[in-house]
Amino acid sequence: QMAGLIGDLDLQQYDIMVWKRQKLVGDQKGQGNSNHHKAESQVPTWKELVDALADGVEDATTLPRTVKRVVRFAAQIAKADSNKLKSELWKTSHKGKPSYLEYKEADSQIESFLQNFKIIMGRLENDKTQRVMLLRSLARLTAVPEHKEGVGSQGDGLGFKCVQLLGFLKKRSPEAEQEVLAVVQEIIIEPLAAKQKVQDLPMTTMAAVCSTFESSRLPEFLKPIVGWLVDM
């Protein structure tokens, strides 16, 4: 039946039909890829990140979804341009108008966020795959730059405190130490080793790593960036 139908068509018309169909499919795929890249380039707000983690604390049955959201948000934050990150991450609204979190409010929320992170990690004690996924996300959050109002500054900012939390989680057990050191090596140390200039290094992250990771493996751990440390 199909062969008879095609036989009744002009060959040129048939070619046009096939071309239009292929173009339609290609456009749909292109749109899908475009939407995917657009979503990946977006910077989540601090509230989105906090809410994603809080959901997992409030309802343990949502943990897989919580991990997936935190992983996605942390990856978007790590890939974002530092200027865009500064302008987007701490955005909020006040009486319907865009604004930024006040320093004290953000600092309090950072503490709550990190406490919730500890709770989630405890619930994933028997799920190494998801636990390591969250550790990688925590390591990616160390890239958050200083906030123009002070949020993210050395000693009390999100990036610095994420490194400190990694150091705390490392002390849970010998297995935990191996997991955390491997993640920090992959997400923090190796990218730092690839930097072209010492000025490109996030100094708050470096200070936190050097002051937090007390371990017999520390010299080996820092070996890829020892040249940078000498120049600092």
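Visitor: Please provide a residue-by-residue account of the overall build of the chain, values included.
Guide: Looking only at helices and strands, the chain has 12 helices and 2 strands in total. Secondary structure elements in the chain, listed N-terminal to C-terminal, are α-α-α-α-α-β-β-α-α-α-α-α-α-α. Scored against the burial criterion, the 232 residues of the chain give a buried share of 38%. Counted over contacts in the chain with a minimum sequence separation of 6, partners at least 24 positions apart contribute 67%. On the chain, roughly 13,600 Å² of surface is accessible, and the fraction owed to carbon and sulfur atoms is 52%.

Visitor: Outline the packing of aromatic side chains, supporting the account with residue identities and numerical values.
Guide: Counted by the stated rule, this structure contains 2 aromatic pairs. An angle of 55° between the planes, with centres 5.1 Å apart, marks the rings of Trp 46 and Phe 113 as tilted. A residue pair is termed long-range when its members are at least 10 positions apart, and Trp 46 in helix α3 (residues 46–58) and Phe 113 in helix α6 (residues 103–123) qualify at 67 residues. Across the pair, exposure class does not vary: Trp 46 and Phe 113 are buried alike. Aromatic side chains Phe 113 and Phe 117 sit 6.3 Å apart centroid to centroid with 55° between the ring planes, which places their arrangement in the tilted category. Residue Phe 113 and its partner Phe 117 are located together in helix α6, separated by 4 residues, close to a single helical turn.

Visitor: Outline the nonpolar core, listing residues and values.
Guide: Among the nonpolar cores identified, the biggest contains 43 residues, and Trp 46, Leu 49, Trp 90, Phe 113, Phe 117, Leu 134 and Leu 138 are the most heavily contacted of them. Mapped by element, the contributors of at least two residues to this core are α3, α4 (63–79), α6, α7 (128–140), α8 (158–170) and α9 (174–193). Residues in contact with Leu 134, not counting those within four places in the same chain, are Val 67, Val 70, Phe 117, Ile 120, Met 121 and Leu 124.

Visitor: Could you give an account of the packing of α7 against α8, with specific residues and numbers?
Guide: Packing of α7 against α8 brings their axes to within 8 Å, and their N-to-C directions diverge by 145°. The way α7 lies across α8 gives a crossing that is left-handed. Note on element contacts: α8 touches α7 through Cys 162, Leu 165, Leu 166 and Leu 169, opposite Leu 135, Leu 138 and Ala 139. Along the lines of polarity and charge, the residues of the contact of α7 with α8 split into 7 nonpolar, no polar and no charged.

Visitor: Break down the confidence of the model for the chain for me, with residues and values.
Guide: On average, the chain scores 74 in pLDDT, and the residues at 70 or more come to 57%. Confidence scores differ between elements of the chain, with helix α1 (residues 2–7) showing the lowest mean pLDDT of 48 and α7 the highest of 94. Scored below 50 in pLDDT, residues 32–39 makes 1 contact in the model with residues more than four places away or belonging to other chains.

Visitor: Break down the environment of Ala 52 for me, citing the residues and quoting the values.
Guide: Looking at the secondary structure, you find Ala 52 in helix α3. Taking the C-alpha atoms as reference points, Ala 52 and Lys 68, 16 residues apart in sequence, are found 9.2 Å from one another. Not counting residues within four places of it along the chain, the set of residues in contact with Ala 52 comprises Thr 66, Arg 69, Val 70 and Phe 73.

What counts and what doesn't
- Just so you know, the residues in each chain are numbered from 1, in the order the chain's sequence is written.
- Under the rules for a predicted model, residues below a pLDDT of 70 receive no local features and side-chain atom pairs below 80 are neither given nor counted, while totals for whole chains, interfaces and linings still include all residues.
- Calculation of side-chain values draws on the structure's entire complement of heavy atoms; hydrogens and water are dropped beforehand.
- Where helices and strands are cited, they refer to DSSP runs of H or I of at least four residues and of E of at least two residues respectively, numbered from the N terminus.
- In this scheme, a residue with accessible area under 20% of its type's maximum is buried, one over 50% is exposed, and one in between is partly exposed, where area comes from a 1.4 Å probe on protein chains only.
- Any two residues whose heavy atoms approach within 4.5 Å are treated as being in contact.
- For the accessible areas, the method is Shrake-Rupley and the probe is 1.4 Å, while residue cover comes only from the protein chains on display.
- A pair of aromatic rings is counted whenever rings of Phe, Tyr or Trp (Trp by its six-membered ring) have centres within 6.5 Å, and the orientation is called stacked for planes under 30 degrees apart, edge-to-face for over 60 and tilted otherwise.
- Within this scheme, the nonpolar core is defined by two criteria: the residues are buried Ala, Val, Leu, Ile, Met, Phe, Trp, Tyr or Cys, and they are joined through side-chain atoms within 4.5 Å.
- Working convention: axes come from line fits to C-alpha atoms, limited for helices to the stretch in contact. Angles between N-to-C directions cover 0 to 180 degrees.
- When the near helix sits turned anticlockwise from the far one by under a right angle, the crossing is termed left-handed; a clockwise turn instead gives a right-handed crossing.
- Three classes are used: nonpolar for Ala, Val, Leu, Ile, Met, Phe, Trp, Tyr, Cys and Pro, charged for Asp, Glu, Lys and Arg, and polar for all others, with Gly counted as polar.
- Confidence scores here are pLDDT values: one per residue, from the predictor, ranging 0 to 100.

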